Amino acid sequence: MKIGFLSVPLTGHLNPMTALARTLEFRGHEVLFFGVPDVEPVIRAANLRFVPFCEKHYPIGSTEKIYRSVAKLQGDDVLRQHLGGITPSLLHDMPDCLHKKLEETNVDAMVLDKGHSFMELVPISLGIPFVHIWNTLHIDTSGATPPCLFSWPYENTPEAHARNIEGLIQVGGYFAPIVAAAKAYADRVGLAIDWSDPRATSSKLAEITQTPREFDFPGISWPSTFYYAGPSHDGEGRQSISFRWERLEGRPLVYASLGTLVNGIERLYNTILHAVENLHSVQVVLSIGKNVNLSDLRSIPSNTIAVQSAPQIELLKRAALCITHAGMNTVLECLAQGVPMVALPITYDQPGIAARIAYHGVGEFLELDHLDSHTLSDLVVKVLGDPKYRDKAQYFQKVIAETHGLDLASTVIERAFMSALGAPTVGS
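So, here's what we can say about the structure. (Residues numbered from 1 in each chain as written. Predicted model: local features only at pLDDT ≥ 70, side-chain atom pairs only at ≥ 80, totals over all residues. Heavy atoms only, no water.)

**Some words on the overall build of the protein**
Phase 1 of the analysis: Within the protein, the secondary structure is distributed over 13 helices and 13 strands.
Phase 2 of the analysis: Taking 428 residues into account, the globule formula puts the C-alpha radius of gyration at 22 Å, and the protein, at 21 Å, falls close to it.
Phase 3 of the analysis: When its C-alpha atoms are laid out on the principal axes, the protein stretches across 60 × 50 × 45 Å.
Phase 4 of the analysis: When the 428 residues of the protein are sorted by exposure, 57% land in the buried category. (Helix = DSSP H or I, 4+ residues; strand = E, 2+ residues; numbered from the N terminus. Rg over C-alpha atoms; globule rule 2.2 N^0.38 Å. Buried < 20%, exposed > 50% of the residue type's maximum accessible area, 1.4 Å probe, protein only.)

Here it is as structure tokens:
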């Protein structure tokens, strides 16, 4: 089959999507990875065929400029800017560009990043089968569990269910501008969509989440086309990042990172630096990304190595603890290495992921409103000092290793597309 891929043009989405694309290519399929020009180096590093689209609307440098607007925000401010401004703007230009490229390349089927909201309208309009991949934490629209934008604990009570439903109404308000932009495109191309159904445009063939079933909250009734696959990463096919390994001294390693998108809040890094400066028994590697300058931070403690970027998986293989923003990919990479966490959720699905970190005992989390260096230091000491956190993280390490997420997801995709295209299914 000739399979097209489309991902949100951000590292946390591109890494798992390219790993999945490489797996399907290895299994004998022709894979085309569609993207704006900025993502070409990532796709080339993964040894995949890159097909640019929307070059005139989004020339080189556009992605960084667009997403820089949320780098120093947090909480609702990020959601309003991203869901109310960035994504509707993308939906104004990208569908027509993708439509043209899909016609030119004649792909048989598409694998779509669920985070690329409503881009499925393009293959729907062309009659191309598609599956959805949840690279972020999936959204439970039933009310059985809290929507992932909130850090509410899991509770199986009528009161909690009512609270969850109210949360879904709030989520709907955040997404209203995106839905309006999607409606405009659907009307223009003559698609009849039931916009009262939040799952109306979701793939009817398969929705695959990176979240392991064991790491989710219980009690969600998913359709038969929803699949828990586990992480889509193998540590390969990524751009090389240099690191001076000789600087590691052999003390227990704490790796700290706040991701690659909403990572420009200087006070958070300064709080982390202050929190670890008296923890002389550990060594810290702090990765700050592109939205903060090292020179803008307070003095770096002697037990800390601060860098703009770091080889995350390789460091996690050596880490005793990770201080994280609770982004999905960092959390899954921690679990895959059996590393417990202290989470500082900033926005997006991070509060829901942090709630699962605490629920399953693989770490603790702090709301930013309650964050100070002393509380953070105490939590780091607590998680490092209590073996139950690492034991639970190592349980998930075993679960992930035994699930083989990339192979499971690839098999689901193959069977879905073969069924949709009228070909014999795998194993028949």
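**Section: the nonpolar core**
Phase 1 of the analysis: By size, the foremost hydrophobic cluster in this structure holds 143 residues, and its most contacted members are F5, F34 and V111.
Phase 2 of the analysis: Counting residues per element, this core draws most heavily on helix α4 (residues 76-105), which supplies ten residues.
Phase 3 of the analysis: In this structure F34 touches G4, F5, L6, F50, V51, F53, L98, K101, L102, T105, V107 and M110, once residues within four positions along its chain are discounted. (Core = buried A, V, L, I, M, F, W, Y, C linked by side-chain atoms within 4.5 Å. Contact = heavy atoms within 4.5 Å.)

**So, α4**
Phase 1 of the analysis: By the largest-angle criterion, M94 marks the main kink of α4, which is about 35°, and a proline, P95, follows within four residues.
Phase 2 of the analysis: Residue N106 follows α4 closely and has a positive phi angle near 55°. (Bend = angle between axes of the 7 residues up to and from the residue.)

**Regarding the sheet that holds strand β1 (residues 2-6)**
Phase 1 of the analysis: On the basis of which strands lie adjacent, the open sheet formed by seven strands has the order β3-β2-β1-β4-β5-β6-β7 and parallel pairing. One side of each edge strand has no neighbouring strand; the edge strands of this open sheet are β3 (49-52) and β7 (226-228). Each strand of the sheet is rotated relative to its neighbour by a mean of 25°, with strand direction disregarded.
Phase 2 of the analysis: Across five bridges, β1 lies against strand β2 (residues 30-35) in parallel orientation. Its bridge partner being in β2, F5 is matched across the sheet by F33.
Phase 3 of the analysis: Along the sheet, helix α1 (residues 11-26) makes contact with β1, β2, β4 (109-113) and β5 (130-134), crossing β2 at roughly 160°.
Phase 4 of the analysis: Together, β1, β4, β5, β6 (207-209) and β7 form the strand contacts of helix α13 (residues 405-420), whose direction differs from that of β5 by roughly 160°. (Pairing = 2+ DSSP bridges. Axes fitted to C-alpha atoms, helices over the stretch in contact; angles between N-to-C directions.)

**What to know about the pattern of salt bridges**
Phase 1 of the analysis: Summed over all chains, the structure comprises 17 salt bridges.
Phase 2 of the analysis: One salt bridge connects R44 with E40, and the closest N-O pair in it is separated by 3.0 Å. Remark: E40 and R44 occur in helix α2 (residues 40-45); sequence separation between them is four residues, near one turn of the helix.
Phase 3 of the analysis: For E40, a relative accessible area of 30% gives the class partly exposed.
Phase 4 of the analysis: Here the salt bridges do not stand alone but share partners, grouping R27, D407 and E414 into one network. (Salt bridge = Lys/Arg side-chain N within 4 Å of Asp/Glu carboxyl O.)

**Quick look at the packing of aromatic side chains**
Phase 1 of the analysis: Inspection of every chain in the model, using the stated rule, returns eleven aromatic pairs.
Phase 2 of the analysis: Between F215 and F396, the ring centres sit 5.7 Å apart and the planes meet at 90°, which makes this aromatic pair edge-to-face. One end of the pair, F215, is in the loop between β6 and β7; the other, F396, is in helix α12 (residues 387-403), with 181 residues separating them in the sequence. You'll find F215 and F396 in the same group, each marked buried.
Phase 3 of the analysis: Judged by centre distance (5.0 Å) and plane angle (75°), the ring pair of Y395 and F396 falls under edge-to-face.
Phase 4 of the analysis: For Y395, a relative accessible area of 41% puts it in the partly exposed group.
Phase 5 of the analysis: Put simply, the rings of Y154, F217 and Y359 pair up and form one aromatic cluster.
Phase 6 of the analysis: The ring of F217 carries R356 above its face, with NZ or CZ at 4.1 Å from the centroid. (Phe/Tyr/Trp six-rings, centres within 6.5 Å; stacked < 30°, edge-to-face > 60°. Lys NZ or Arg CZ within 6 Å of the ring centre and 35° of its normal.)

**Comments concerning the environment of K100**
Phase 1 of the analysis: Residue placement: K100 occurs in helix α4.
Phase 2 of the analysis: Expressed as a C-alpha distance, the spacing of K100 and V399, which sit 299 residues apart in the sequence, is 42 Å.

**Considering the environment of H99**
Phase 1 of the analysis: Residue position: H99 is located in helix α4.
Phase 2 of the analysis: For the pair formed by H99 and P212, sequence separation is 113 residues and the distance between their alpha carbons is 33 Å.
Phase 3 of the analysis: Here H99 is in contact with V122, S125, L126 and Y185, once residues within four sequence places are set aside.

**As for unusual backbone geometry**
Phase 1 of the analysis: With a phi close to 60°, N47 is a non-glycine residue in the positive phi region.
Phase 2 of the analysis: Tracing the sequence through the fold places N47 in the loop between α2 and β3.
Phase 3 of the analysis: Since its relative accessible area comes to 64%, N47 is described here as exposed.

**A few points about the packing of helix α7 (residues 266-276) against helix α11 (residues 373-385)**
Phase 1 of the analysis: The interhelical angle for the contact between α7 and α11, taken along N-to-C directions, is 60°, at an axis separation of 8 Å. What the angle tells us is that α7 and α11 run oblique. Once α7 is placed against α11, the crossing between them reads as right-handed. Only S373, L376 and S377 of α11 make contact with α7, whose side of the interface consists of T271, I272, H274 and A275. (Parallel < 35°, antiparallel > 145°, perpendicular 65-115°, else oblique. Left-handed = near helix turned anticlockwise from the far one by under 90°.)

**Looking at the environment of T157**
Phase 1 of the analysis: Summarising the element assignment, T157 is placed in the loop between β5 and α6 (158-189).
Phase 2 of the analysis: With relative accessibility at 34%, the residue T157 sits in the partly exposed group.
Phase 3 of the analysis: Residues T157 and M418 lie 261 residues apart in sequence; the distance between their C-alpha atoms is 42 Å.
Phase 4 of the analysis: In terms of polar contacts, T157 uses its side chain to reach the backbone amide nitrogen of A160, at 3.0 Å. (Polar contact = N/O pair within 3.5 Å; in protein donor to acceptor, adjacent residues only side chain to side chain.)

**Concerning the pairing of β4**
Phase 1 of the analysis: Counting buried positions along β4 gives five out of five residues, so the element sits mostly inside the fold.
Phase 2 of the analysis: Residue alternation in β4 divides its side chains into two sets, A109, V111 and D113 and M110 and L112, and both sets are buried.
Phase 3 of the analysis: Sheet topology note: the β4/β5 ladder contains four bridges and is parallel. Paired with M110 across the bridge in β5 is F130.
Phase 4 of the analysis: Considered for its hand, the β-α-β crossover made up of β4, helix α5 (residues 121-126) and β5 is right-handed. (Right-handed = clockwise from strand over helix to strand, strands pointing away.)

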